[in-house]
Amino acid sequence: MNSQSDPTTYENKALTQALAWRTRQHRKPGLWDRSTRATQDKINNIIPEAVHKTVTAVMKQMTKAIMTGSGWTAAEPRTEGTLEERELAIYELMKTYRTTASVEGAVAGAGGFLLAAADLPAFMAIKIKLLFEICAVYGFDSRNPEERLFILRIFHLAFSSARQRPAALAALEASSPDLEGEPVQIDWRQFQLEYRDYIDLAKLLQLMPVIGAPVGAVVNWRLTSHLAKTAVQAYRLRWFNEV
């Protein structure tokens, strides 16, 4: 993304990529997905129910505070610019945020268990703020509750397992403010399990001495990049739906 091209050519390419991405969300779980899923299911069955309830409550309260809190600064929706111009701006945002997330992950990884535990809400805040910024660049207002629900659905889809992605995509599309119908209620238990399962192994390595800092940096970098790319494809579909 270093130079601008013909707007029509760029939009045709972006639409093709968005539709291909949408198709990939419906792929059935592969052998790796099934094996890792089975391992995570066994781990979740061993963890006491009280722990699941506690983590679910924390995730629910933290996420609801982010989605409804007035303390979050929301950028003004962008009103001008081609799709390519907007996505060039998003690419710069992604570089800034993933660098910030990488530094935060490295610091947390070097600080042992306590700082690594504190990484969950801190990293969550970085990711949600990035989604708010991307929302504004595409011209949508993240101050609206409907937009914040859409942002939450993007987050959920990005960190869903292969078997849950079709349902997460359907929920995302159903919660779009451009579509009619009531949004599906959030299953907070499933939400926290999917998110934790997606990042658990990497975050466990972050707790280990010596390698914790570099692992934390790389993991946060990759997860932030993955979330931004998921958001781009989701907003592209909305962009072309409106056009």
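Residues numbered from 1 in each chain as written. Predicted model: local features only at pLDDT ≥ 70, side-chain atom pairs only at ≥ 80, totals over all residues. Heavy atoms only, no water.

*Asks:* What am I meant to see in the packing of aromatic side chains here?
*Replies:* In this description, a pair of aromatic rings is defined by centroid distance and the angle of the planes. By the definition in use, this model includes four aromatic pairs. With a centroid separation of 5.6 Å and 25° between ring planes, the pair formed by Phe140 and Tyr235 is classed as stacked. Taken together, the residues Phe140 in the loop between helix H5 (112-137) and helix H6 (145-158) and Tyr235 in helix H9 (residues 212-242) connect sequence positions 95 residues apart. Tyr235 matches Phe140 in its accessibility class, with the two residues each being buried. In this structure, Arg238 packs its charged tip against the face of Phe140, placed 3.8 Å from the ring centre. The ring of Phe150 has Arg238 sitting right over it, with the charged end atom 4.6 Å from the ring centre. (Phe/Tyr/Trp six-rings, centres within 6.5 Å; stacked < 30°, edge-to-face > 60°. Helix = DSSP H or I, 4+ residues; strand = E, 2+ residues; numbered from the N terminus. Buried < 20%, exposed > 50% of the residue type's maximum accessible area, 1.4 Å probe, protein only. Lys NZ or Arg CZ within 6 Å of the ring centre and 35° of its normal.)

*Asks:* So what exactly am I meant to see when it comes to helix H1 (residues 7-24) here?
*Replies:* The end-to-end C-alpha separation of H1 is 26 Å, in line with the 26 Å expected for 18 residues at 1.5 Å each. Tyr10, Ala14, Ala18 and Trp21 are the residues of H1 that are buried. One side of H1 carries all its buried residues, which in axial view fall inside an arc of 65°. Every exposed residue of H1 that faces more than 90 degrees away from the buried side is listed here: Thr8, Lys13, Thr16 and Thr23. (Expected span 1.5 Å × (residues − 1). Arc of directions from axis to C-beta.)

*Asks:* Explain the nonpolar core here, please?
*Replies:* General note: in soluble globular proteins, nonpolar side chains tend to be found buried as a group. Counting 46 residues, the largest nonpolar core has Leu131, Ile134, Tyr138, Ile154, Phe155 and Tyr235 as its most contacted members. Elements represented by at least two residues in this core include exactly H1, helix H4 (83-110), H5, H6, helix H7 (165-174), helix H8 (188-206) and H9. The leading source of residues in this core is H9, at eleven residues. (Core = buried A, V, L, I, M, F, W, Y, C linked by side-chain atoms within 4.5 Å.)

*Asks:* What am I meant to see in the pattern of salt bridges here?
*Replies:* Two side chains bearing opposite charge may form a pair once their charged atoms approach each other closely. Tallying each qualifying case throughout the model produces seven salt bridges. With its nearest N and O atoms 3.2 Å apart, the salt bridge here joins Glu76 to Arg143. Remark: Arg143 occurs in the loop between H5 and H6 and Glu76 occurs in the loop between helix H3 (49-68) and H4; sequence separation between them is 67 residues. In this structure Glu76 comes out as exposed when scored by relative accessible area, which is 56%. Among the ionic pairs, Glu147 bridges to Arg238, the shortest N-O distance being 3.0 Å. (Salt bridge = Lys/Arg side-chain N within 4 Å of Asp/Glu carboxyl O.)

*Asks:* How do you make sense of the packing of H6 against H7 when you look at a structure like this?
*Replies:* Each packed pair of helices is defined by two parameters, the angle between the axes and the distance between the axes. Contact pair H6 / H7: the axes reach a minimum separation of 9 Å and the direction vectors enclose 170°. Taken as axis vectors, H6 and H7 run roughly antiparallel relative to one another. Of H7, the residues touching H6 (which contributes Phe150, Arg153, Ile154 and Leu157) are Arg165, Ala168, Leu169, Ala171 and Leu172. (Axes fitted to C-alpha atoms, helices over the stretch in contact; angles between N-to-C directions. Parallel < 35°, antiparallel > 145°, perpendicular 65-115°, else oblique. Contact = heavy atoms within 4.5 Å.)

*Asks:* Before we go on, may I ask you to explain the environment of Glu11 in this structure?
*Replies:* Mapped onto the elements of the fold, Glu11 is located in helix H1. The sequence separation of Glu11 and Leu83 amounts to 72 residues, and the corresponding C-alpha distance is 6.9 Å. In this structure Glu11 touches Leu83, Trp239 and Phe240, once residues within four positions along its chain are discounted.

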